[in-house]
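Survey of secondary and tertiary structure
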Amino acid sequence: MKLHWQILLALTCGAAAGILLPEITPYISWIGDLFMNALSMLIVPIIFFSIVTSISGIQETGSNLKKLGFRTMAYYVLTMVIAIFTGLSLVTLIEPGSNVQIANAIDLPDSPELLSTRDIIIGFIPKNIFYAFSQNNTFPVILIAILTGLFLPKISTEGKHSLTSFFKGGLELTLQITKVIIKLSPYGIFAIVARQFSTTADFWALIQTILLYFLTVVAGLAIHTFIWLPMLLRFGYNVNPWQHLKNMSTPLITAFSTASSGATLPLTLHAVEHKDGVSAKITNFTIPLGAAINMDGTALLECVAVIFIAQAYGVELSIIQQVLVVFTSLLCAIGAAGIPMAALVMMALILNVIGLPLEGIGLVIGVERILDMMRTTVNVYGDTCVAVMVAKSEGEKLPIDRPRQ
């Protein structure tokens, strides 16, 4: 049985157990705790290794490619920020999590709401590096990763090769462990969902709330795909966005069916180069880079999911906390691996930053698979749009250009 069917079965059985046999949840809740601990365990290595390898990889390119790399990165960040604010606006306006309150609402004694902006800035630099790693202190870990990636190419050749191999190997090893944990996720999901439903008085309201969350994410992805990105291409670079979308139909359909931007990479490269007419130099640089770090759909989904979980737990996030959600969603999207369901790990990271319980993931896990397919499609489409934007900024003439008026 495929993983998504196993997850669906676990979700159904967990909901039934929570509703019909709530007395058994204390005896199985430890399974969900183990799953959440496993996700939490992966937070630091994934974010650290992925950021180091991404930044050091750009640093090691030649001077011309380095300039192209930073321009591409700027476009990727722009599209992800647009996606995040789209999701933040929709989830704040619709408030999908406000219709149900999870029992045992939590206190946030260590939440950023109690810290001043000065304290948050000072917290970026840890007094002890190892303490930051051991405590899952996210922002210091991100800063250390950025500094390591920036200065790694500047050390001696022997040390650079050794450390580069170590970080790449560490990322590959971490992703392999992630895949194993994801394969075991149905057991954890069963326990988590059972606990969630057993502590909710009105389970029909909970189901309606999850459906409303699903529709909120879908609306955000649709707005980003069919409004914001086409507007960037049309008014920013005088490109026919609908012809571009038609040209990308094959890789987008593949991305939706596989939920993996990595598996779609060869088709995306072919479509951008041979149908849109983007040069091989730009295509071969921007598309693989985008598959690794550009995650428009992931960033939007993570932002909506975290705000939704906060609403469901009755936690009102302050402006500072919402800014942290936006900032962390951006960084997590850059660090998110292009494999199915890896966004769950990144979501756990953001929940950890805000101080929300990781068990909140159980509220969104049921619709994660279909949303995973949708967000991956948006991720791939964002990569292709940025490739066109970079090509136009380099002065290339494309078959999809609109005629000058």
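The rules behind the values
Residues numbered from 1 in each chain as written. Predicted model: local features only at pLDDT ≥ 70, side-chain atom pairs only at ≥ 80, totals over all residues. Heavy atoms only, no water. Helix = DSSP H or I, 4+ residues; strand = E, 2+ residues; numbered from the N terminus. Contact = heavy atoms within 4.5 Å. Phe/Tyr/Trp six-rings, centres within 6.5 Å; stacked < 30°, edge-to-face > 60°. Buried < 20%, exposed > 50% of the residue type's maximum accessible area, 1.4 Å probe, protein only. Expected span 1.5 Å × (residues − 1). Axes fitted to C-alpha atoms, helices over the stretch in contact; angles between N-to-C directions. Left-handed = near helix turned anticlockwise from the far one by under 90°. Nonpolar A, V, L, I, M, F, W, Y, C, P; charged D, E, K, R; others polar. Salt bridge = Lys/Arg side-chain N within 4 Å of Asp/Glu carboxyl O. pLDDT = per-residue confidence, 0-100. Patch = residues over 30% accessible without salt bridge, like charges linked within 9 Å, V, L, I, M, F, W, Y side chains within 5 Å. Areas by Shrake-Rupley, 256 points an atom, 1.4 Å probe, with all protein chains shown as cover.

**A closer look at the overall build of the protein chain**
Helix and strand counts for the protein chain come out as 17 helices and 0 strands. Expressed as a percentage of contacts within the protein chain between residues at least 6 apart in sequence, the contacts between residues at least 24 apart total 84%.

**What about unusual backbone geometry?**
Even without a glycine there, the phi angle at Glu95 is positive, about 50 degrees. Its place among the elements puts Glu95 in the loop between helix 3 (63–94) and helix 4 (117–122). Positive phi, normally seen in glycine, also occurs at Asn238, with a value near 55 degrees. Turning to its location among the elements, Asn238 is positioned in the loop between helix 9 (203–237) and helix 10 (241–247).

**Some thoughts on the packing of aromatic side chains**
By the definition in use, this model includes 8 aromatic pairs. Arranged with centres 5.8 Å apart and planes meeting at 70 degrees, the rings of Phe48 and Phe167 form a pair that is edge-to-face. One end of the pair, Phe48, is in helix 2 (residues 25–59); the other, Phe167, is in helix 7 (residues 157–183), with 119 residues separating them in the sequence. Phe48 sits in the buried class, given a relative accessible area of 11%.

**Quick look at helix 13 (residues 280–293)**
Its 14 residues place the ends of helix 13 20 Å apart at the C-alpha level, agreeing with the 20 Å of an ideal helix rising 1.5 Å per residue. Buried within helix 13 we find Ile282, Thr283, Phe285, Thr286, Ile287, Leu289, Gly290, Ala291 and Ile293.

**Looking at the packing of helix 12 (residues 261–274) against helix 17 (residues 368–393)**
At a minimum axis distance of 11 Å, the contact between helix 12 and helix 17 shows a crossing angle of 35 degrees. Crossing of helix 12 against helix 17: the hand is right-handed. Contacts between helix 12 and helix 17 involve Ser261, Thr264, Thr268 and Val272 from the first element and Thr376, Val380, Thr384 and Ala387 from the second. Looking at side-chain class alone, the contact of helix 12 with helix 17 contains 3 nonpolar, 5 polar and no charged residues.

**What to know about the environment of Pro126**
Locating Pro126 in the fold gives a position in the loop between helix 4 and helix 5 (129–134). Looking at Pro126, the relative accessible area reads 23%, which means it is partly exposed. Taking the C-alpha atoms as reference points, Pro126 and Ile144, 18 residues apart in sequence, are found 9.3 Å from one another. Dropping the residues within four chain positions of it, Pro126 is found in contact with Ala132, Pro140 and Ile144.

**What about the environment of Lys275?**
With respect to the secondary-structure elements, Lys275 resides in the loop between helix 12 and helix 13. With a relative accessible area of 37%, Lys275 lands in the partly exposed category. Between the C-alpha atom of Lys275 and that of Leu398, which follows or precedes it by 123 residues, the distance is 9.4 Å. Beyond its immediate sequence surroundings of up to four residues, Lys275 is in contact with Asn247, Thr250, His270 and Pro399.

**Structural notes on the pattern of salt bridges**
By the definition in use, this model includes 4 salt bridges. Note that Asp372 and Arg375 form a salt bridge whose closest N and O atoms lie 2.5 Å from each other. Highlighted residues: Asp372 and Arg375, both in helix 17, separated by 3 residues, approximately one helical turn. The burial state of Asp372 is the same as that of Arg375; both residues are buried. For Asp401, the salt bridge is made with Lys392, and the minimal N-O distance between the two is 2.9 Å.

**Quick look at the confidence of the model for the protein chain**
Confidence in the prediction for the protein chain averages 84 pLDDT; 90% of positions are at 70 or higher. Residue range residues 105–114 is modelled with pLDDT below 50. Its contacts to residues more than four positions away, or to other chains, number 21 contacts.

**Quick notes on the packing of helix 9 against helix 14 (residues 296–312)**
A pair of packed helices can be characterised by two numbers: the angle between their axes and the separation between those axes. Close contact between helix 9 and helix 14 brings their axes to 10 Å; oriented N to C, the two are set at 145 degrees. Classified by chirality, the crossing of helix 14 by helix 9 is right-handed. Counted together, Thr209, Ile210, Tyr213, Thr216, Val217, Gly220, Leu221, His224 and Leu229 of helix 9 and Asp296, Gly297, Leu300, Leu301, Val304, Ala305 and Phe308 of helix 14 form the full contact between these two elements. Classifying every residue of the contact of helix 9 with helix 14 by side-chain character gives 10 nonpolar, 5 polar and 1 charged.

**Comments concerning helix 6 (residues 138–151)**
For helix 6, spanning 14 residues, the distance from its first C-alpha to its last is 20 Å, which sits close to the expected 20 Å at 1.5 Å a residue. Those residues of helix 6 lying buried are Thr138, Phe139, Pro140, Val141, Ile142, Ile144, Ala145 and Gly149.

**A few points about a nonpolar patch on the surface**
On the surface, Phe226, Ile227, Trp228, Met231, Phe235 and Trp242 cluster together into a nonpolar patch covering about 660 Å² of accessible area. The leading source of residues in the nonpolar patch is helix 9, at 5 residues. Its relative accessible area of 49% is what places Trp242 among the partly exposed residues.

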